[in-house]
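# A closer look at the structure
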Amino acid sequence: MIEFQNVSYSHNKGYGVNNLNMLIKNGDFTFLIGPTGSGKTTLMRLLYFDLFPDSGIVKVNGNSSNRMSIRDISKARINIGMVFQDYKLLSDRNLFENIALPLHVMGFSSNQIASRVDEAIELVGLEGKESHFPKELSGGEQQRASLARAFIKEPDIILADEPTGNLDPVASFELVRLLETINETGTTVLMASHNYNLIKGRGRPIFELKNGILRVR
Amino acid sequence: MDKFFYLIIEGIKNTWRHKATALTAIFSLFILLYIIGLISIAEKNSFKVLQYLRSKYKIEVFFSEDLTNEEAIGVIHKIKKIKGVKTATLIDKDDALRIFKDQFGESIIDLLGYNPLPASSVVNVERNIRRPLRIEPIIKEIKALSYVEEINYQGNLIKKIENIYKKIAEYIPYFSGIVIFVIGLIIYNMIKVSISSRRETIQSLQLIGATKLFIKLPFIFEAILISIISVSLVFPALILTSVGLNYLISNFTVYSLHLHVAPSLFLWLLILVTLVSVLASQRAVSIFLK
């Protein structure tokens, strides 16, 4: 479950989010839309505890921003899968190694890792590209690899911050479909986008963020 | 355990993945460690050089003409008892005659009809004193002995050599300390720069949920591996250098000196560079960890 209670955060340059209240239940697929600079990324960073609110409380999977120590952050992030516009794949590791990384962090054995990575690669349709490095993959393939890396640890929540920002319409559509498939397994998904056409008509709740203020669309 | 092995292997793989950076680090460490090694060899062998030079110090003591050989032996015993004297060899009047004939090809008795040459002694000083040797008190004590007529010694030369050694012994620890400190700083900054080029990797690992230790360990193992490789290259290079210098000294100089590289130097360099590298990598990663 994700909950924002009167959350405000202001960056040094002034922008941020203002008095946010939001509740996303377990297993929901929610979209967050808003123009560039509206505060979507700030909201996401508050969710994975990269930022802490100036006031109010952020609750994610029982972790509360007002009761977290630095040590708790890495534990909390284990249960959150993240997908970014710039993929954040490690350029010096191949596809297999990138996707396997969270499992190594969690301490899985080599055999378990091999079988789970194979499954994840199959899910995102990147079979045969295990030994490819990120620069050898297209933008869509990199984003699918990023999604596989987020999903492989079977997190409770997936946060996707503008995941289609660098993708063409076909790849964007495929990625949203993949997120929907993952959501069907019970994973909560929150996807931020500025592309309303991509998310409209999917029957999912949409929150709109404008100048740091949130409203339900 | 799987996780720990994974982190060790990641450290090794990272060295391979960033070959150019690793090679630069190894080469730079090699140069810096080679300099430290040379200073260490110089420091360790400076006393050996001094011992060699001290073996060449010669004090010639001439006795009065009327001294009998038996009395000369008595004086020699007294000289040997003086602090700082290693050996004293008697050259009696007959030996002096023989030496004269060897050097000039004629017998002085044939020329003069009697032996005017006095008995004498060649005195060698103690070589193994770590502090600078003071020759004057030895000369003073020998002079005070009865029957001693004249003493020849290379007073100024000995003074100069002992003073130079005194300065080396005094300043080398400070000089080495400064060099090691500067080299430590260079190693530290080199590793910091190398890690800063991978700050995105550190940030990505943090987002995945990796703990600080999980992020730091591969960098630390990488630093250890680079240190081991550098020291493994430096040690043979230092041994080769000493072999080369020994060859030059024995073949192209009149000195019979043998430079030696202590095996403990290998361990000492390894500990030094590993310690600095591990501290530097741990500190550098910490800078990029929020």
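First things first, this report covers the structure right here in the doc.

With that settled, consider the overall build of chain B. Helix and strand content of chain B: 10 helices and 4 strands. When its helices and strands are written in sequence order, chain B yields α-α-β-α-β-α-α-β-α-β-α-α-α-α. Expected size for 290 residues packed as a compact globule is a radius of gyration near 19 Å; at 31 Å, chain B overshoots this value by more than 25%. If you line up chain B on its principal axes, its C-alpha atoms span 105 × 35 × 30 Å. With 290 residues in all, chain B has 44% of them scored as buried. In chain B, the share of contacts with a sequence separation of at least 24, taken over all contacts with a separation of at least 6, comes to 81%.

Right, let's talk about the sheet that holds strand β3 (residues 29-33) of chain A for a bit. All names here are of chain A. The strand order β6-β7-β8-β3-β9-β10 describes an open sheet built from 6 strands, whose pairing is mixed. Each edge of the open sheet carries a strand with a single partner, namely β6 (80-84) and β10 (213-216). Direction aside, the axes of adjacent strands within the sheet are offset by 20° on average. Across 3 bridges, the pairing between β3 and strand β9 (residues 206-210) is parallel. By the bridge assignment, I33 is partnered in β9 with E208. Contacts from helix α5 (residues 139-151) reach β6 and β7 (157-161), with the element oriented near 170° to β6.

Let us now look at the packing of aromatic side chains. Centre distance and the angle of the planes are the two values used to describe a pair of aromatic rings. Residue and element names in this part refer to chain B. For the structure on display, the rule yields 10 aromatic pairs over all chains. Each ring, one from F30 and one from Y34, has its centre 6.1 Å from the other, and the planes form 15°; the classification is stacked. Remark: Y34 and F30 occur in helix α2 (residues 19-56); sequence separation between them is 4 residues, near one turn of the helix. Here F30 falls in the partly exposed class, since its relative accessible area comes to 22%.

In this complex, chain B contributes 20 residues to the contact, which on the side of chain A involves 25 residues. When the two sides are added together, the surface that chain B and chain A hide from each other amounts to roughly 1800 Å², 57% of it contributed by carbon and sulfur. For chain B, the biggest contributors to the area lost against chain A are Y6, L207 and I208 of chain B; these three give 35% of the whole. Taken together, chain B and chain A are joined by 3 salt bridges. Summed over the shared surface of chain B and chain A, the number is 9 residue pairs in polar contact (both at pLDDT 80 or more). Of all the elements in the fold, those that place two or more residues in the side of chain B that touches chain A are α1 (2-17), α8 (199-208) and α9 (212-252) of chain B. Considering every element that reaches the side of chain B that touches chain A, the biggest residue donor is α1 of chain B, with 7 residues. The residue makeup of the side of chain B that touches chain A, split by class, is 6 nonpolar, 7 polar and 7 charged.

On the surface, a nonpolar cluster with roughly 470 Å² of combined accessible area is contributed by I178, F181, V182, L185 and I186 of chain B. With respect to the secondary-structure elements, I178 of chain B resides in helix α7 (residues 155-196).

Let's shift gears to the pairing of strand β1 (residues 59-63) of chain B. Residue and element names in this part refer to chain B. In β1, alternate side chains face the same way, and those of I59, V61 and F63 are buried while those of E60 and F62 on the opposite face are not. Where β1 meets strand β3 (residues 120-125), 4 bridges bridge the pair, whose relative direction is antiparallel. Its bridge partner lying in β3, V61 is registered against S121. One ladder, built from 5 bridges, connects β1 with strand β4 (residues 148-153); its direction is antiparallel. Across the sheet, F63 pairs through a bridge with V148, a residue of β4.

On to the pairing of β9 of chain A. Residue and element names in this part refer to chain A. Summarising burial for β9: 4 of the 5 residues are buried, a large majority. Bridging between β9 and β10 involves 4 bridges; their strand directions are antiparallel. Residue pairing in the sheet places F207 in a bridge with V216 of β10. The antiparallel pairing of β9 with β10 creates a hairpin that spans 2 residues between the two strands, and N211 there sits at a positive phi of about 50°.

Soluble globular proteins tend to pack their nonpolar side chains together in the buried interior. In this structure, I187, I195, I202, I215 and L269 of chain B are the most contacted members of the largest nonpolar core, which totals 45 residues. For this core, the elements supplying multiple residues, two or more each, are α3 (95-106) of chain A together with α1, α2, α7, α8, α9 and α10 (264-288) of chain B. If one sorts the elements of this core by residue count, α9 of chain B sits on top with 10 residues. When residues no more than four places from it in sequence are discounted, the contact partners of I215 of chain B are I202, L205, Q206, A210, V285 and L289 of chain B.

Conventions we followed
- Residues numbered from 1 in each chain as written.
- Chains lettered and ligands numbered in written order.
- Predicted model: local features only at pLDDT ≥ 70, side-chain atom pairs only at ≥ 80, totals over all residues.
- Heavy atoms only, no water.
- Helix = DSSP H or I, 4+ residues; strand = E, 2+ residues; numbered from the N terminus.
- Rg over C-alpha atoms; globule rule 2.2 N^0.38 Å.
- Buried < 20%, exposed > 50% of the residue type's maximum accessible area, 1.4 Å probe, protein only.
- Contact = heavy atoms within 4.5 Å.
- Pairing = 2+ DSSP bridges.
- Axes fitted to C-alpha atoms, helices over the stretch in contact; angles between N-to-C directions.
- Phe/Tyr/Trp six-rings, centres within 6.5 Å; stacked < 30°, edge-to-face > 60°.
- Buried area = accessible area lost by both parts, 1.4 Å probe.
- Salt bridge = Lys/Arg side-chain N within 4 Å of Asp/Glu carboxyl O.
- Polar contact = N/O pair within 3.5 Å; in protein donor to acceptor, adjacent residues only side chain to side chain.
- Nonpolar A, V, L, I, M, F, W, Y, C, P; charged D, E, K, R; others polar.
- Patch = residues over 30% accessible without salt bridge, like charges linked within 9 Å, V, L, I, M, F, W, Y side chains within 5 Å.
- Areas by Shrake-Rupley, 256 points an atom, 1.4 Å probe, with all protein chains shown as cover.
- Core = buried A, V, L, I, M, F, W, Y, C linked by side-chain atoms within 4.5 Å.

Without other data, these values stay purely geometric and don't point to any function.
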